[in-house]
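Architecture at a glance
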Amino acid sequence: MDICEIRKLSDGANQIGVRAHNERLILSLIQRYGALPGSDIAKHTGLSAQTVSNILRKLEAEEFLLRGEPKRGRVGKPSVPMTLNPDAALSFGLKIGRRSADLVVMNLLGDVLGQSQTTYRYPMPAEIFAYLASGMDELSHGLSAYQRERLCGIGIAAPSEIWSWTEVLGAPVDFSVWAEINVQEEIAKASDLPLFTENDGTAACRAEHVFGRGREFGDYAYFFIGSFIGGGVVLNSSVTVGAHNNAGAFGSLRVPAPEGGELPLIDAASLYLLEAAIVADGLDATALWTQPQDWRAFEAQIGPWVDRTGDALAHAIRSIGSVMDFEVALIDGAMPADVRDRVVTRTRDALERLDTRGMLPPRPEAAQVGANARALGAGCAPIYAQYFFQ
């Protein structure tokens, strides 16, 4: 992808009063393509050299940018590449899953500076918010005073309408209390940091787009296989959330059922199905949700689950390909990398056997970020909302 493509989203502007826009543009350019001198930034944003110079000085004074080593050997003054200061902004990211919650504190570059996890049979609000409060306090102790001052927000990634999955989770009736919870008010009891919430599939997609293979592609579909499968959509090198913040709700796609008829992808390619198979064979499935991941004891159940999941994904990807001309379909999940790779291979093989005349379905590819994608994507939300173009 050419560096100029970022201008398709946000061209630079020299008018008074739009400096925040131009600051975001420059920070986004450096974030996506690495250290750049002012001359290159001016060339690829359309901003004047003087405007770029002024903004770089401001961002350096505010400690968002660091100077690199001058590059000599050209006529004129040596060029000085500017790079992001990793500690310029930090955030907390909380992933609320159906079986576990993960909390991270991360810096501007996505480096995880601290992490914790809790597991449960199903997530109840009181326990989740208590975990978040104690977890933020604990992780803050591992930061320097400077880093604590640069904390800019809390991001939460959670399934849409989590309260609607009572039966599958085996949760009690009072699990529906989630529908009445005001998350903003609950978080405010523990912290005055700004709060940002996002669908967990979209959050995982954002993490892949920023820290994984997203730099390779301009348009792609993204699948994340957790307890329930979800996903995200990237168009024109930007994560798309949609008019109702529900883009990439691939779990609702209809795919063939093994016994005939159809069923939603969520009931054909989710980890809760693997969990059910493990439990049905008399084994303890707890290891599915704990870190570090070691699934060697479940090989007898993993094989059939991989086959069923790959076959279902192939049908879903064919359906997506008839609507949008994506380059690839990136596949990731809360699973060991070798299991994910097996799912990708099965999906490719199954897709090759399907009738795709008149279309070119996106190529199934392994994503890169892995099981931590939802928590990292949650942590991205405060940073991107305030400092970058999304």
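Structure: above.
Every value quoted in this text rests on a predicted model; they were computed, and no experiment measured them. (Residues numbered from 1 in each chain as written. Predicted model: local features only at pLDDT ≥ 70, side-chain atom pairs only at ≥ 80, totals over all residues. Heavy atoms only, no water.)

The next thing to look at is unusual backbone geometry. Following Gln291, the chain continues to Pro292 via a peptide bond in cis, the omega torsion being -10 degrees. Phi at Ser237 takes a positive value of approximately 65 degrees, unusual for a residue other than glycine. Within the element layout of this structure, Ser237 appears in the loop between β9 (229-235) and β10 (238-240). Since its relative accessible area comes to 13%, Ser237 is described here as buried. Positive phi is not limited to glycine here, since Asn245 has a value of about 55 degrees. (Helix = DSSP H or I, 4+ residues; strand = E, 2+ residues; numbered from the N terminus. Buried < 20%, exposed > 50% of the residue type's maximum accessible area, 1.4 Å probe, protein only.)

Here we have 5 strands laid out as an open sheet, ordered β5-β4-β3-β6-β7, and mixed in their pairing. The open sheet terminates on both sides in strands that have one partner only, identified here as β5 (112-119) and β7 (195-199). In this sheet, neighbouring strand axes are inclined to one another by 15 degrees on average, regardless of whether the strands run parallel or antiparallel. Sheet topology note: the strand β4 (residues 100-106)/β5 ladder contains 7 bridges and is antiparallel. Paired with Val105 across the bridge in β5 is Gly114. (Pairing = 2+ DSSP bridges. Axes fitted to C-alpha atoms, helices over the stretch in contact; angles between N-to-C directions.)

The next subject is the nonpolar core. Counting 87 residues, the largest nonpolar core has Tyr222, Phe223, Ile225, Leu265, Trp295 and Trp305 as its most contacted members. The element that contributes the greatest number of residues to this core is helix α10 (residues 299-321), accounting for 9 residues. For Trp305, the residues in contact, after removing those within four places along its chain, are Ile225, Ser270, Leu271, Leu273, Leu274, Met335, Val339 and Val343. Counting residues in each nonpolar core, the second largest holds 26 residues, with Leu90, Leu132, Met136 and Leu143 among its members. (Core = buried A, V, L, I, M, F, W, Y, C linked by side-chain atoms within 4.5 Å. Contact = heavy atoms within 4.5 Å.)

Along any regular strand, the residues point their side chains to alternate faces of the sheet. Of all 7 residues making up strand β3 (residues 90-96), 7 are buried, and the element is well covered by its neighbours. Neither face of β3 is exposed, since Leu90, Phe92, Leu94 and Ile96 on one face and Ser91, Gly93 and Lys95 on the opposite face are all buried. Strand direction decides the pairing type here: β3 and strand β6 (residues 151-158), joined by 5 bridges, are parallel. From the neighbouring strand, Gly93 faces β6, where its bridge partner is Gly155. By the bridge criterion, 6 bridges tie β3 to β4 in an arrangement that is antiparallel. Across the sheet, residue Ile96 finds its bridge partner in β4, namely Ala101. Once β3 ends, the chain turns through 3 residues before running back antiparallel as β4.

Mapped onto the elements of the fold, Asp332 is located in strand β13 (residues 328-333). On the accessibility criterion, Asp332 (1% relative accessible area) is buried. With sequence-adjacent residues up to four places away left out, Asp332 is seen in contact with Glu208, Tyr222, Phe223, Phe224, Ile225, Arg340, Ala367, Gln368, Val369 and Gly370.

To continue, consider the environment of Leu313. Here Leu313 is to be found in helix α10. With 37 residues separating them along the chain, Leu313 and Ala350 place their C-alpha atoms 8.6 Å apart. Ignoring sequence-local partners within four residues, the contact set of Leu313 consists of Phe223, Ile225, Ile229, Leu265, Ile331, Val343 and Thr347.

Counted by the stated rule, this structure contains 6 aromatic pairs. For the pair Phe64 and Tyr387, a centre-to-centre distance of 5.0 Å together with 50 degrees between the ring planes defines the contact as tilted. Note that Phe64 is positioned in the loop between α3 (49-61) and β1 (65-67) and Tyr387 in helix α12 (residues 373-387), a separation of 323 residues in sequence. Centroid distance Phe223 to Phe250: 4.9 Å. Interplanar angle 40 degrees. Geometry classified as tilted. Highlighted residues: Phe223 in strand β8 (residues 220-225) and Phe250 in the loop between β10 and β11 (254-256), separated in sequence by 27 residues. One exposure class covers both Phe223 and Phe250, and it is buried. (Phe/Tyr/Trp six-rings, centres within 6.5 Å; stacked < 30°, edge-to-face > 60°.)

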